[in-house]
Amino acid sequence: MAKAYERIADELRQAIRGGDLNPGDQLPTEDKLAERFGRSVPTVREALRVLQGEGLIEKRHGRGNFVRRPRTTVLRTNARHQWEKDRAREPEERRALTGATEHDTGLEIDDLVFHAAYREVKADEDVASAFGVPEGTAMVERTYRTRYAAESAPFAMVTSYLVRDMVAENPALLDEGKEPWPGGTQNQLYSVGIELGRIEERITARPPSAEEAEELELPPGSSVIALRKTSYDIHDRVVELSDVTLPGDRTELLFTTPLERW
């Protein structure tokens, strides 16, 4: 037999999913819910914690509990890498029409708020090992945040690394003011004669840090998807490394593997 708080949570869940409670609606106070269900306030609070953990409601300090507004879902598919490569050699006016985020979300350029920051750093042990370069090698560290203009949380937290000497012949690749770059990283590398041959992506899931949970506005109990993308050129040399932290409550990953015919 279901416990009392589970029955309360189930009824409220059905009200949310059935449209009786809509995104942004405020739930009755805990006292009123206790009166409605004929249970104690602690029992109601336990039910609300369940719904909060499921991402259906959110508690706003000093205001109460509200039905959580669904955020934009990002669909990342490995087919996007070929799409980006095909686009890398197109004229700038065509590259400027759309980007990877629009490709992943279905939004338009004018719907998005974009921020990029560059700085020169020395490769630590992890980054140096990934690139196969000595520790202390000069790197260009690039951080990206893109969000839907109607939302406050970014789609992901992205940190990308390039070997400075590998891209320095094009000074524009050291200038964050050139972002957003039409055609993205693949076109940036193409501008210095680098063609990608393959991309490896390693994916894990884990609890978020406090900073990640705050920036991505994750509900309690949510995980993040940690993606490390390693880009190799046609000579099998690592030319770019990205660490991407995606919110587990609104990210879908799709992998398609073409199979050769017999």
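Presented here is an overview of the structure given in this document. Everything numeric here is computed off the predicted structure, so don't read it as measured data.

Thresholds, definitions, all that
- Residues numbered from 1 in each chain as written.
- Predicted model: local features only at pLDDT ≥ 70, side-chain atom pairs only at ≥ 80, totals over all residues.
- Heavy atoms only, no water.
- Pairing = 2+ DSSP bridges.
- Helix = DSSP H or I, 4+ residues; strand = E, 2+ residues; numbered from the N terminus.
- Axes fitted to C-alpha atoms, helices over the stretch in contact; angles between N-to-C directions.
- Buried < 20%, exposed > 50% of the residue type's maximum accessible area, 1.4 Å probe, protein only.
- Arc of directions from axis to C-beta.
- Contact = heavy atoms within 4.5 Å.
- Phe/Tyr/Trp six-rings, centres within 6.5 Å; stacked < 30°, edge-to-face > 60°.
- Lys NZ or Arg CZ within 6 Å of the ring centre and 35° of its normal.

**Comments concerning the sheet that holds strand 9 (residues 238–247)**
Line of reasoning, step 1. With antiparallel pairing, six strands are arranged side by side in an open sheet as 4-5-6-9-8-7. The sheet terminates laterally at strand 4 (112–122) and strand 7 (196–206), the two strands that pair on one side only. Pairs of neighbouring strands in the sheet enclose a mean axial angle of 15 degrees, with direction left out of account.
Line of reasoning, step 2. Note: strand 6 (residues 157–163) against strand 9, five bridges, orientation antiparallel.

**Remarks on helix 4 (residues 80–88)**
Line of reasoning, step 1. Within the span of helix 4, buried status applies to Arg80, His81, Glu84, Arg87 and Ala88. Down the axis of helix 4, the sector holding all buried residues measures 125 degrees, keeping them to one side.
Line of reasoning, step 2. In the core, the buried residues of helix 4 are packed alongside strand 3 (74–77), helix 5 (92–95), helix 6 (100–105), helix 9 (184–190), strand 7 and strand 8 (224–233).

**What about the side chain of Ser231?**
Line of reasoning, step 1. In this structure, Ser231 sits in strand 8.
Line of reasoning, step 2. According to the relative accessible area criterion, Ser231 is buried, its value standing at 2%.

**Some points on the packing of aromatic side chains**
Line of reasoning, step 1. In this structure the tally under the stated criterion is one aromatic pair.
Line of reasoning, step 2. With a centroid separation of 6.0 Å and an interplanar angle of 35 degrees, the aromatic rings of Phe114 and Tyr144 are classed as tilted. Here Tyr144 lies in strand 5 (residues 138–148) and Phe114 lies in strand 4, a separation of 30 residues in the sequence.
Line of reasoning, step 3. Accessibility expressed as a relative area gives 33% for Phe114, which makes it partly exposed.
Line of reasoning, step 4. A residue is classified by how much of its surface remains accessible, and Tyr144, at 13% relative accessible area, is buried.
Line of reasoning, step 5. Directly above the ring of Tyr232 sits Arg198, whose terminal nitrogen or CZ lies 3.7 Å from the centroid.

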